Amino acid sequence: MITLPRAAAAAVLACTLALPATAAAAAAPDTSAARPAASDAASAGRMRLPAPTGAHGVGSTVLHLVDRSRKDPWEPAADGRELMVTLHYPAARRAHGRPAPYATEPEARELLKVAGVPDSPSSARELARLRTHGAVDARPAPGRHPLVVLSPGFGAPRFTLTNLAEELASRGYVVASVDHAYESSGTSLPDGRLLTCTACTVLDGGGVPGSTVTAARAADTRFLLDRLTGPAPAWRHAASIDASRIGMAGHSIGGASAATAMLADPRIDAGVNMDGSFWDVLPAGGLQGRPFMLLGTDDDMHRPGGADTTWDTTWQALGGWKRWLTVAGTDHYSFSDAPVIQRRFGLPSGDIPAERALAVTRAYTAAFFDQHLRGQPQRLLDGPAASHPEVRFHQP
């Protein structure tokens, strides 16, 4: 079993920022759809995430949810289990809104501190103002759209999966990225509080197993689905969600949590684990035939027979459609927004260029959900593709 400190360190470094929009310039989204109202001059020179490639513009809104039916596992005295959730969704044509922020400055400061970047107000401000492609509270596109839940790595804030969330939203998905209370380097709440990673300390020295994290996140996901698709939903545009088509993906322990959440909640139809060690053993029957994809580093960790034996064990238990893919040149951090922050702040990174790392993750994750939530067969998932030579298919 891989120890959690690796997952924690990886998730934190895997974390942030963005890259110039060079990689996506050739596939810009429909400019008549929702877009931030900021002028080009105002955003010139700012770091930015790659532009989404789908046909829709992207709307963005933030929800603060509190589950008072259970105690927080890390702070039992807290008033329930608090979640901060960013929704990205396909926006209506000709809808506009102010640019969605990447992070708050306190969140950015905490992440950079944990990543080892020298403390600097200008660095935190630069990260917090990283240019995204979402428009705040833009009107959703007509129709009902599949829902995808994204869970970040241990210690990582939800905003470190923004590039993937925006891409999926531009392709017609409602995407809910979740900050799990006290499991992030920093989570800003509407009342001004900043929750830091209590769980990191408990797990590092307290002998608490990683399965405590995945169980908590599975419960968080169940609560989130109730609040988005149940009676009296928390989002005023919840009618945009097709509750019969739900997927979940995550990075590191967030990916492991996708499988745990699927075990606990039959509403989740398909899942993706991006380079995370599993902390729960699947029962006989696996995920009851629901599709699952492993997407990881092409190294001694996550090739078949690698050091992370949980992938081999889980693979054997999966009974439905499944894929085991590894990506040459990546490191643990490559499956989030991390390659950009690594490049910007001179942090160690994988050999794959930042633009390619993000493009590969977006392409294969989107293809997976297009096939399994939309019923659209994807040749990209059938075997090696000349367009993505970094990706290896495995059949242990």
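Described in the following lines is the structure provided in the data block.

Thresholds, definitions, all that
- Residues numbered from 1 in each chain as written.
- Predicted model: local features only at pLDDT ≥ 70, side-chain atom pairs only at ≥ 80, totals over all residues.
- Heavy atoms only, no water.
- Pairing = 2+ DSSP bridges.
- Helix = DSSP H or I, 4+ residues; strand = E, 2+ residues; numbered from the N terminus.
- Axes fitted to C-alpha atoms, helices over the stretch in contact; angles between N-to-C directions.
- Core = buried A, V, L, I, M, F, W, Y, C linked by side-chain atoms within 4.5 Å.
- Buried < 20%, exposed > 50% of the residue type's maximum accessible area, 1.4 Å probe, protein only.
- Arc of directions from axis to C-beta.
- Phe/Tyr/Trp six-rings, centres within 6.5 Å; stacked < 30°, edge-to-face > 60°.
- Lys NZ or Arg CZ within 6 Å of the ring centre and 35° of its normal.
- Parallel < 35°, antiparallel > 145°, perpendicular 65-115°, else oblique.
- Contact = heavy atoms within 4.5 Å.
- Nonpolar A, V, L, I, M, F, W, Y, C, P; charged D, E, K, R; others polar.

1. Remarks on the sheet that holds strand 5 (residues 134–136)
On the basis of which strands lie adjacent, the open sheet formed by ten strands has the order 5-2-3-7-6-10-11-12-13-14 and mixed pairing. Only two strands of the sheet have a single partner each, and these edge strands are strand 5 and strand 14 (391–394). Averaged over all pairs of adjacent strands, the angle between strand axes in this sheet comes to 25 degrees, irrespective of strand direction. Relative to strand 7 (residues 174–180), strand 3 (residues 81–91) runs antiparallel, the two sharing six bridges. Looking at the pairing, H88 lines up with V175 of strand 7.

2. Thoughts on the nonpolar core
In this structure, V85, L87, L147, L224, L228, W235 and F292 are the most contacted members of the largest nonpolar core, which totals 52 residues. By size, the runner-up hydrophobic cluster in this structure holds 33 residues, among which are L164, A270, Y364 and L373.

3. Looking at the pairing of strand 7
Of all seven residues in strand 7, seven are buried, a share of seventy percent or more. Residue alternation in strand 7 divides its side chains into two sets, V174, A176, V178 and H180 and V175, S177 and D179, and both sets are buried. One ladder, built from four bridges, connects strand 6 (residues 145–151) with strand 7; its direction is parallel. Considered in strand 7, the bridge of V148 is made with V175.

4. Digging into helix 4 (residues 121–128)
Within the span of helix 4, buried status applies to S123, A124, L127 and A128. The arc that holds the buried residues of helix 4, viewed along the axis, is 130 degrees, so those residues lie on one side.

5. Digging into the packing of aromatic side chains
On inspection of all chains with the given rule, the structure shows eight aromatic pairs. Directly above the ring of W315 sits K322, whose terminal nitrogen or CZ lies 4.4 Å from the centroid. In this arrangement the basic side chain of R374 is found over the ring face of Y173, its NZ or CZ atom lying 4.2 Å from the centre.

6. A word on the packing of helix 10 (residues 338–345) against helix 11 (residues 354–374)
Where helix 10 contacts helix 11, the two axes come as close as 8 Å, and the packing angle between them is 170 degrees. As judged from the angle between their axes, helix 10 and helix 11 are roughly antiparallel. Seen from helix 10, the contacting residues are P339, V340 and R343; seen from helix 11, they are A354, E355, A357 and L358. Within the contact of helix 10 with helix 11, the residues separate by chemical class into five nonpolar, no polar and two charged.

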